[in-house]
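Coordinates in review
Listed here are the chains, written in short residue letters.
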Amino acid sequence: PMESATLVLSEVQHTDRAGDIWLGVGSREVGVLKTEAFPKTGPFMEAPVVLLTGGTRGITAEIAMEIARRGPCTLLLVGRTAPLGVPLDEAGERQRIKRQLSQKHARVTPKMIEEVMAPLRSAEEVRRTVEAIRKLGAKAEVYSVDLGKEPAVQGLMRDVLDKYGRLDLVIHGAGLEESRKLA
């Protein structure tokens, strides 16, 4: 412990201000970041079949669209949310939800309406993502799968391989966004 404390203290006092450091017995290695040019746009594979987890929304959806821009491809978007079949009419849906809730509750609050609207907005975002990808000329298919359930993932892979016979690239972008106050 004393040796570790001495190493940490000497590192804090080091003058090179390195961010990533690996200390070993008698050695000090510094990670250096450098700027690289963006790769040229253009096709990177010939008509790839690409599976993107978390591909229906957020940054992974943006990656899917960039792949679609680069040429013919099949994008298999995996997420928990299925797309809506038709565009979401927010005002009409809010009215429908309010009527439905008022049959069960004496008082309908905006929070109650929002709890029902949130998944519909997510499904609308998925629908718009698929529509945008298809407008770019790519094939897009959505698989609603909970990636935390192994049998569901095994079924997904069986379905994909049965239908397409191959999988050229997998981009894993699925995750949970859990915003909360720090204090």
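Residues numbered from 1 in each chain as written. Predicted model: local features only at pLDDT ≥ 70, side-chain atom pairs only at ≥ 80, totals over all residues. Heavy atoms only, no water.

**Some remarks on the overall build of the protein**
- When helices and strands are counted, the protein shows five helices and six strands.
- In the protein, the succession of α and β elements from N to C terminus is α-β-β-β-α-β-α-α-β-α-β.
- For the protein, the C-alpha radius of gyration of 24 Å lies well beyond 16 Å, the compact-globule estimate for 183 residues.
- Taken along the three principal axes of its C-alpha coordinates, the protein extends 70 × 50 × 35 Å.
- The buried share among the 183 residues of the protein stands at 26%.
- Computed over 27 positive and 25 negative side-chain charges, the separation of the two mean positions in the protein equals 8 Å. (Helix = DSSP H or I, 4+ residues; strand = E, 2+ residues; numbered from the N terminus. Rg over C-alpha atoms; globule rule 2.2 N^0.38 Å. Buried < 20%, exposed > 50% of the residue type's maximum accessible area, 1.4 Å probe, protein only. Lys, Arg positive; Asp, Glu negative; His and termini not counted. Charge placed at Lys NZ, Arg CZ, Asp CG, Glu CD.)

**Here's the deal with the pairing of strand 2 (residues 27-31)**
- Where strand 1 (residues 20-24) meets strand 2, five bridges bridge the pair, whose relative direction is antiparallel. Opposite Ile21, over in strand 2, you have Val30 as the bridge partner. (Pairing = 2+ DSSP bridges.)

**What about the environment of Val50?**
- By the element assignment, Val50 lies in strand 3 (residues 49-53).
- Take Val50: its relative accessible area is 0%, and that puts it in the buried class.
- A sequence separation of 69 residues divides Val50 from Pro119, and the C-alpha atoms of the two residues are 26 Å apart.
- Discounting residues that sit within four places of it in the chain, Val50 has contacts with Ile67, Thr74, Leu75, Leu76, Leu167, Leu169 and Ile171. (Contact = heavy atoms within 4.5 Å.)

**A closer look at the pattern of salt bridges**
- If you walk through the whole model with that rule in mind, you get 14 salt bridges.
- The residue Arg96 makes a salt bridge to Glu93 at a minimum N-O spacing of 2.5 Å. Pair noted here: Arg96 and Glu93 are both in helix 3 (residues 90-104), with a separation of three residues, about one helical turn.
- Given a relative accessible area of 19%, Glu93 falls into the buried group.
- Across the pair Asp146 and Lys149 runs a salt bridge, and its minimum N-O distance is 3.8 Å.
- Assessed through its relative accessible area of 32%, Asp146 is described here as partly exposed.
- A single salt-bridge network, built from bridges that share partners, covers Glu90, Arg94, Glu114 and Arg121. (Salt bridge = Lys/Arg side-chain N within 4 Å of Asp/Glu carboxyl O.)

**Let's talk about the nonpolar core**
- Ranked by size, the top nonpolar core spans 14 residues in total, and within it Leu52, Ile67, Leu75, Leu77 and Ile133 carry the most contacts.
- Secondary-structure elements contributing two or more residues to this core are strand 3, helix 2 (58-69), strand 4 (74-79) and helix 4 (110-135).
- Contacts of Leu75, omitting those with residues within four sequence positions, involve Val50, Leu52, Ala64, Ile67, Ala68, Ile133, Ala138, Lys139, Ala140 and Glu141.
- Formed by eight residues, the second largest nonpolar core is a distinct cluster that contains Val49, Leu76, Val78 and Val160. (Core = buried A, V, L, I, M, F, W, Y, C linked by side-chain atoms within 4.5 Å.)

**Points about the layout of surface pockets**
- One number sums up the size of the largest pocket: a volume of about 590 Å³.
- Lining the largest pocket are 21 residues; nearest its centre among them are Gly54, Arg57, Arg80, Ala174 and Gly175.
- Contributions of two or more residues to the lining of the largest pocket are made by helix 2, strand 4 and helix 4.
- The residue makeup of the lining of the largest pocket, split by class, is six nonpolar, ten polar and five charged. (1 Å grid on protein atoms, 1.4 Å probe; cavity = no way out; pocket = protein on both sides within 12 Å on 5 of 7 lines; lining within 4 Å. Points joined across faces, edges and corners; volume = space filled by probe spheres on them. Nonpolar A, V, L, I, M, F, W, Y, C, P; charged D, E, K, R; others polar.)

**Things to note about the side chain of Thr60**
- Along the chain, Thr60 turns up in helix 2.
- Residue class for Thr60 comes out buried when judged on its relative accessible area of 3%.
- Not counting residues within four places of it along the chain, the set of residues in contact with Thr60 comprises Leu52, Thr53, Gly54, Gly55, Ile171 and Gly173.

**Some words on the sheet that holds strand 4**
- Taken in spatial order, the four strands line up as 5-4-3-6 in an open sheet, and their pairing is parallel. Edge positions in the open sheet fall to strand 5 (139-144) and strand 6 (169-172), since each of these has one partner strand only. Between one strand axis and the next, the sheet turns through 20° on average, direction left out of account.
- Relative to strand 4, strand 3 runs parallel, the two sharing five bridges. Paired with Val50 across the bridge in strand 4 is Leu75.
- The sheet contacts of helix 2 involve strand 3, strand 4 and strand 6, and relative to strand 3 the element is tilted by about 165°. (Axes fitted to C-alpha atoms, helices over the stretch in contact; angles between N-to-C directions.)

Read these as layout, nothing more, since geometry by itself doesn't imply function.
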